Every structure is written in C-alpha cells, then in structure tokens.
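Listed here are the chains, written in short residue letters.
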Protein chains: 2
Amino acid sequence: MQLLNSSKYAIRILGYIANHETQQLCSAKELSETLTIPYKFLTKIMMKLVNADLIISIRGRDGGYKLAKPASSITIIEILNHFNEFSEQKQCILGIGLCDSRKKCALHDQWVKPKNMIKKMFETTTLEDISSDNFKQ
Amino acid sequence: MQLLNSSKYAIRILGYIANHETQQLCSAKELSETLTIPYKFLTKIMMKLVNADLIISIRGRDGGYKLAKPASSITIIEILNHFNEFSEQKQCILGIGLCDSRKKCALHDQWVKPKNMIKKMFETTTLEDISSDNFKQ
DNA sequence: ACAAAATACTACTTAAAGGTAGAATTTAAA
DNA sequence: TTTAAATTCTACCTTTAAGTAGTATTTTGT
Ligand code: SF4
Ligand code: SF4
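If you're wondering where the values come from, they're calculated on a predicted model, not measured in any experiment.

A. Main features of the relation of the copies chain A and chain B. Of the two same-sequence chains, chain A is brought onto chain B (RMSD 0.0 Å, axial shift 0.0 Å) by a rotation of 180°. Overall, the copies show the geometry of a two-fold rotation axis. A symmetric contact is evident, with 100% of the interface residues of chain A recurring at the interface of chain B.

Rendered as structure tokens:
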C-alpha cells in the first residue's frame, strides 16, 4: 500500500525543482543533499526523468537540471506513469484483474470511492500545487 | 500503490473460508485450485495465518483449515497487520516519516482524506461483509 | 500394521526493487 | 590547454518478496 521509492523520490525531486525555478539549475549534488536521496540512485532517476521529457539536463561544468515544461502542466499521475505505477492494473485492490459491474472482487464496492479519490488527486495535482519547502526529511 | 501478493492472497483465502463455513474444513488443495494460488505458496501463507491465530488447522487425513473466530470478528486490518502492511509508517504517501500539522510533506493535505477512507475501510470491513463468491480469478 | 491424505517444516531458487561503483563524456572557467 | 565540476552510461551488488522442492509428521480408514 505504498508507492515505489523511485516514484516517491521522483515526486519530491520534481517538486523541489519546481520550487526553485527562480535560480537557474539544480545540480544532482544539491538535490541529493537537501532531499537526502542517495546520490547514485538520484542520478539514475534523473536519467529516467530526462528520458521522459519531464526534465532538461545541461551537461558539463555549471550544468544541472530544470523542468522541461511549466510546473503547472506536470501532474503527479504523469510522473507515476513513467514508473509504471497506478496503471489500470495496479489500481486494483485484490489484483483479480480488470472487472466490470457484474464480475467484481470481494472488496470492490468499498474500494471504488477511495480509489477514485486517489486517482483524482494524482490527476489534478500539479507540481505547482505542491511546490513548498516540505520536501526534506 | 498495491498490497503485497501475500496480503491479497490472505484476504481472498480467508474470505473464501468464511464463505464456506457450512462445510467442515477447507483443504489446501481445494483453496489452491479454486483461488488459483500456487499450492506451495498457499501452504506457506496458511502457516502464517495459523500462527496469527486467525486460522485453526487440523492435521492428518481429512484435515484442513477453518476460521479460528467468527467471520464477523475478523477485520481486514487485522489480516494486513500480520503482513506488516498499512502500519503508521506505511500509510505515508511520500514516506517522509511521521508528521504533525506543522511539519508535513508536499502531498499531505490531499492525501489525508483518501488515507482515512482506506483506513476506515480496512478497519470496519470484516470477513462477513466480504463473503461472496467473488474470490476467484 | 499399513497406506493414503492431509498439514508442518526447512531450505532453496527466482524476480524485482533498491542501491553502489567507476569510467566516459561534456562544458566552461582559469 | 588544462582542470574542475557536472551529467551519462554500463555494470554490478544487496535486499526483499515471490515462488518452488522435498521431507517429516499427523491422522484416519482399511
Ligand atoms: S472488482 Fe475492483 S477491486 Fe476487485 S479486482 Fe476488480 S477493479 Fe480491482
Ligand atoms: S505529511 Fe502526511 S503524507 Fe507526508 S509524510 Fe507525513 S503522513 Fe505522510
């Protein structure tokens, strides 16, 4: 009942960068230290985010990372999708597989409401909404 | 954003047994086949449930499993607790650690409501509520 | 007594996530 | 031109969940 560490890190990283767009770039060192994410693991995630066109990286000395689009246009669900989380399959509480109103699992009826709330939360929340200083540990 | 396979299996197993209490006992073979859970993995989970005093096992020929208490007294959260899921720590969306109203993470405000719904669902739903035929795949 | 059918136990293997290491490449300043 | 500081890339290690295998033990019917 948790997101993957990678996903959690990604959200916190992107949120932090969104909140520091006034300054030019964020380096991996800065991100790693302020967010207390293992440096090598962080750079791995950054590569993924660059590949997903969420982040633009500038190489070389004084390089770093910045958002590829406005913070207000990046939703949480878009981030999670790149880590293969919260797909239709993964929204399922008992993992019986896709269901319709006839064939449903034992917890379906009680799961529908919170599931939709979470879905809505992920779909409507953008990096702009969550940019604050509360990303640290 | 999913439960562990073990937890999902456990819920389905207990739900099925609760729904078949009219007959005497359920055997591992029967459970494995009707719920399409790998036999050896199932027996491993059954040992855990027996140890957790949720299930009583009868050994020997014609042996099998039955609930250790009335279905109405076993909540989903009690099951999950034995698999170390949905603990205080694990209810956290970004995994920053326990928080109070002053120190909270970026998604906290939007997470509170669905979190509490899920918690309530797990706490108030008993095996009796979910006993139906919808456990199969 | 014996065989059959069931659970219990211990140990191993596989798959996936999490994390680490080191060298290669790029860029800009001195 | 050299050096420093940054990202990129490839490969590896560790931990945990998932799943498998084989044997021992218990019970009941014949
Ligand atoms: S009925 Fe609902 S909870 Fe159950 S498997 Fe289908 S989508 Fe998931
Ligand atoms: S603020 Fe809320 S969501 Fe964030 S870490 Fe704390 S409990 Fe979890």
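Moving on from the model shown.
B. Fine view of the environment of A:His108. On the secondary structure map, A:His108 appears in helix 5 (residues 108-124). For A:His108 and A:Ala10, which are 98 residues apart along the polypeptide, the C-alpha to C-alpha distance reads 30 Å.

C. Representation of the environment of A:Asp62 within the structure. Residue and element names in this part refer to chain A. Inspection of the secondary structure assignment puts Asp62 in the loop between strand 1 (55-58) and strand 2 (64-67). With a relative accessible area of 67%, Asp62 lands in the exposed category. For the pair Asp62 and Ser27, spaced 35 residues apart in the sequence, the C-alpha separation amounts to 8.2 Å.

D. Summary view of the protein's contact with DNA strand D. Residues in contact with DNA strand D amount to 23 residues; listed here are only the nearest, A:Ser57, B:Asn5, B:Ser6, B:Lys40 and B:Lys44. Within 4 Å of the protein, atoms of DNA strand D come from sugar and phosphate in 62% of cases. Between B:Asn5 and DNA strand D, the recorded distance is 2.7 Å, taken from a backbone N or O atom to a phosphate oxygen. Measuring from a base oxygen of DNA strand D, one finds a side-chain N or O atom of B:Arg59 at 3.1 Å. Elements with a minimum of two residues in the surface near DNA strand D: helix 3 (39-51), strand 1 and strand 2 of chain A together with helix 1 (5-18) and helix 3 (39-51) of chain B.

E. Up close: the protein's contact with DNA strand C. DNA strand C sits among 23 residues. The nearest are A:Asn5, A:Lys40, A:Lys44, B:Ala28 and B:Ser57. Atoms of DNA strand C within 4 Å of the protein: sugar and phosphate make up 59%, bases the balance. Residue B:Ala28 places a main-chain N or O atom 2.8 Å away from a phosphate oxygen belonging to DNA strand C. Taking B:Ser57, its side chain carries an N or O atom lying 2.5 Å from a phosphate oxygen of DNA strand C. At the level of secondary structure, the elements contributing two or more residues to the surface near DNA strand C comprise helix 1 (5-18) and helix 3 of chain A together with helix 3, strand 1 (55-58) and strand 2 (64-67) of chain B. Classifying every residue of the surface near DNA strand C by side-chain character gives 9 nonpolar, 8 polar and 6 charged.

Calculation notes
- Every residue gets a number counted from 1 within its own chain, in the order that chain's sequence is written.
- Each chain gets a letter, beginning with A, and each ligand a number, beginning with 1, in the order they are written.
- Thresholds applied to this predicted model are a pLDDT of at least 70 for local features of residues and 80 or more for the giving and counting of side-chain atom pairs; totals over whole chains, interfaces and linings are not thresholded and use all residues.
- Think of the side-chain values as coming from all heavy atoms in the structure, minus any hydrogens and water.
- In superposing the copies, a least-squares fit is computed on C-alpha atoms, taking residues whose pLDDT is at least 70 in both.
- By the convention used here, residues are in contact when the closest approach between their heavy atoms is within 4.5 Å.
- A run of DSSP states H or I qualifies as a helix once it reaches four residues; a run of E qualifies as a strand once it reaches two. Both are numbered from the N-terminal end.
- Only protein chains enter the accessibility calculation, which uses a 1.4 Å probe; a residue whose area is less than 20% of its type maximum is buried, one above 50% is exposed, and one in between is partly exposed.
- One heavy atom within 4 Å of a molecule or strand is enough for the residue carrying it to be called near that molecule or strand.
- N or O atoms closer than or at 3.5 Å make up a polar contact, with two conditions inside protein: a donor-capable atom paired with an acceptor-capable one, and, for residues adjacent in sequence, both atoms drawn from side chains.
- Polarity classes work like this: nonpolar for Ala, Val, Leu, Ile, Met, Phe, Trp, Tyr, Cys and Pro, charged for Asp, Glu, Lys and Arg, and polar for all others, with Gly in that last group.

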